[in-house]
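The lines below spell out each chain.
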Amino acid sequence: MSRAEAARTEAAQAEASRAVVQKAGTRTPSPLWSLGLLRSELLITFRRWRTLALLAVLAAVPVLVGIAVKIETGDGSSVGGGGGGGGAGPAFISQISNNGLFLVFTALAATLPFFLPMAIGVVAGDAIAGESSAGTLRYLLVAPAGRTRLLLTKYATVIAFCLAATLVVAVSALAVGALLFPVGDLTTISGTRISYAEGLGRALLIALVVAASLVGVAALGLFVSTLTGSGIAAMATTVGLLITVQILDQIPQLDALQPYFFSHYWLSFADLMREPVYWDDLVKNLGLQVLYAAVFGSAAWARFTAKDITA
């Protein structure tokens, strides 16, 4: 257990003792106490070696992609096929040697199907189950957090990690792209020219859309985390479900069900690089993530509020 976790446990135990002594009614935690709980969760999550290792792996992906493209195009040849293409990855990767900003889009397209959701699954799966296996969950609940407030804090922490992980990929790709390739005005998938400043704006918007595309996975992982007292089991189950859904999304015979898989519209962020922007799949993706967050968030709340906490 880290120092931050030990300090939080001691604080929770002290608060629990005061709550037992003060038998005259139930105390209602103040908003400042709730903010303090969220701050504590954020600090603990982002100080863990596991979290830092996940972020380091994500930051390394754009570096590897950029170096690979630089080596392949070192003799003046082009990489990949044409710029039209079907998937977001091939459509962007062929443009990296012309403009380093396209490395941001390529890196996000490369990490979104597996690396990003896997990292989110690990953090979300450990959110509740990890506290239970460490023996700290009971003390957090005896303190005036309440199960609903604690669950919301955990989910907010996972969402913060979604945003941080996505921005790590984007910032790493932006730095590597500017270092290895020329930058300037860029050509969209539709063939129109936009300024570098507008390209940066679209890159930020794409990063935000990618982060929003992971809120369904975060809710799913949180729900799985309430089903078991083992953090490792919760993380493994969440990652296993992610891989299973990704495989099912590639089977042609399941095309009637695939639009309802949380991963089906993930790569629709490429439509933000068209002129004009295609909004249909983007809206479907965000709507689907809200639906998954509502369904699995409600399931997590129902399970957690009725769960017998023994550790």
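Rules of the game
- Residues numbered from 1 in each chain as written.
- Predicted model: local features only at pLDDT ≥ 70, side-chain atom pairs only at ≥ 80, totals over all residues.
- Heavy atoms only, no water.
- Helix = DSSP H or I, 4+ residues; strand = E, 2+ residues; numbered from the N terminus.
- Buried < 20%, exposed > 50% of the residue type's maximum accessible area, 1.4 Å probe, protein only.
- Contact = heavy atoms within 4.5 Å.
- Patch = residues over 30% accessible without salt bridge, like charges linked within 9 Å, V, L, I, M, F, W, Y side chains within 5 Å.
- Areas by Shrake-Rupley, 256 points an atom, 1.4 Å probe, with all protein chains shown as cover.
- Salt bridge = Lys/Arg side-chain N within 4 Å of Asp/Glu carboxyl O.
- Core = buried A, V, L, I, M, F, W, Y, C linked by side-chain atoms within 4.5 Å.
- pLDDT = per-residue confidence, 0-100.
- Axes fitted to C-alpha atoms, helices over the stretch in contact; angles between N-to-C directions.
- Left-handed = near helix turned anticlockwise from the far one by under 90°.
- Nonpolar A, V, L, I, M, F, W, Y, C, P; charged D, E, K, R; others polar.

Draft legend 1. Highlighting the overall build of the protein. Counting its secondary structure elements, the protein contains twelve helices and two strands. Counting from the amino terminus, helix and strand elements in the protein follow one another as α-α-α-α-α-α-α-α-β-β-α-α-α-α. A total of 311 residues make up the protein; the buried ones form 44% of that total. Across the protein, the fraction of contacts at a sequence separation of at least 24, relative to all contacts at a separation of at least 6, is 76%.

Draft legend 2. Examining a nonpolar patch on the surface more closely. A cluster of nonpolar side chains, Leu163, Leu167, Val171, Leu204, Leu205, Leu208, Trp279 and Val283, forms an exposed patch at the surface whose accessible area comes to about 710 Å². With respect to the helices, strands and loops of the structure, Leu204 is situated in helix 9 (residues 196–212).

Draft legend 3. Structural detail: the side chain of Ser263. Its location among the elements puts Ser263 in the loop between helix 11 (231–248) and helix 12 (280–306). Not counting residues within four places of it along the chain, the set of residues in contact with Ser263 comprises Val245, Gln246 and Asp249.

Draft legend 4. Main features of the nonpolar core. By size, the foremost hydrophobic cluster in this structure holds 62 residues, and its most contacted members are Phe105, Phe269 and Met273. Within the residue set of this core, elements represented by two or more residues are helix 3 (49–72), helix 5 (102–111), helix 6 (115–134), helix 8 (147–180), helix 9, helix 10 (215–226), helix 11 and helix 12. Examining the composition of this core, we find that eight residues originate from one element, helix 8, more than from any other. Look past the residues within four positions of Met273 in its chain and what remains in contact with it is Phe92, Phe102, Phe105, Leu186, Thr188, Ile189, Ser190, Ile194, Arg202 and Ile206. Judged by nonpolar contacts, the second largest core, of twelve residues, contains Ala127, Leu140, Leu150 and Leu222.

Draft legend 5. Structural context of unusual backbone geometry. In this structure, the amide linkage connecting Glu275 to the following residue, Pro276, adopts the cis form with an omega of 0°. Relative to the helices and strands, Pro276 resides in the loop between helix 11 and helix 12.

Draft legend 6. Highlighting the confidence of the model for the protein. Within the protein, residue pLDDT values average 83, and 81% of them lie at 70 or more. Taken as a whole, residues 11–26 scores under 50 in pLDDT and shows twelve contacts with residues more than four places along the chain or in a different chain. For residues 81–86, every residue scores under 50 in pLDDT, and the model assigns this stretch eight contacts once sequence neighbours within four places are set aside.

Draft legend 7. Region of interest: the packing of helix 6 against helix 10. At a minimum axis distance of 7 Å, the contact between helix 6 and helix 10 shows a crossing angle of 35°. In this structure, helix 6 meets helix 10 at a crossing whose hand is right-handed. Taken together, the residues of helix 10 that come into contact with helix 6 (itself represented by Pro117, Ile120, Gly121, Ala124, Gly125, Asp126, Ala127, Ile128 and Ala129) are Val217, Ala218, Gly221, Leu222, Ser225 and Thr226. Looking at the contact of helix 6 with helix 10, its residues break down into nine nonpolar, five polar and one charged.

Draft legend 8. Region of interest: the pattern of salt bridges. Under the definition given, this model contains seven salt bridges. Asp126 is the salt-bridge partner of Arg50, the closest N and O atoms lying 2.8 Å from each other. On the criterion of sequence distance, the pair formed by Arg50 in helix 3 and Asp126 in helix 6 is long-range, its members being 76 residues apart. According to the relative accessible area criterion, Asp126 is buried, its value standing at 11%. Two residues, Glu198 and Arg202, come together in a salt bridge whose shortest N-O distance is 3.0 Å. With Glu198 and Arg202 both in helix 9 and four residues apart, the pair spans about one turn of that helix. Overall, the relative accessible area of 35% leaves Glu198 in the partly exposed class. Among the residues examined, Arg202 registers a relative accessible area of 11% and is labelled buried.

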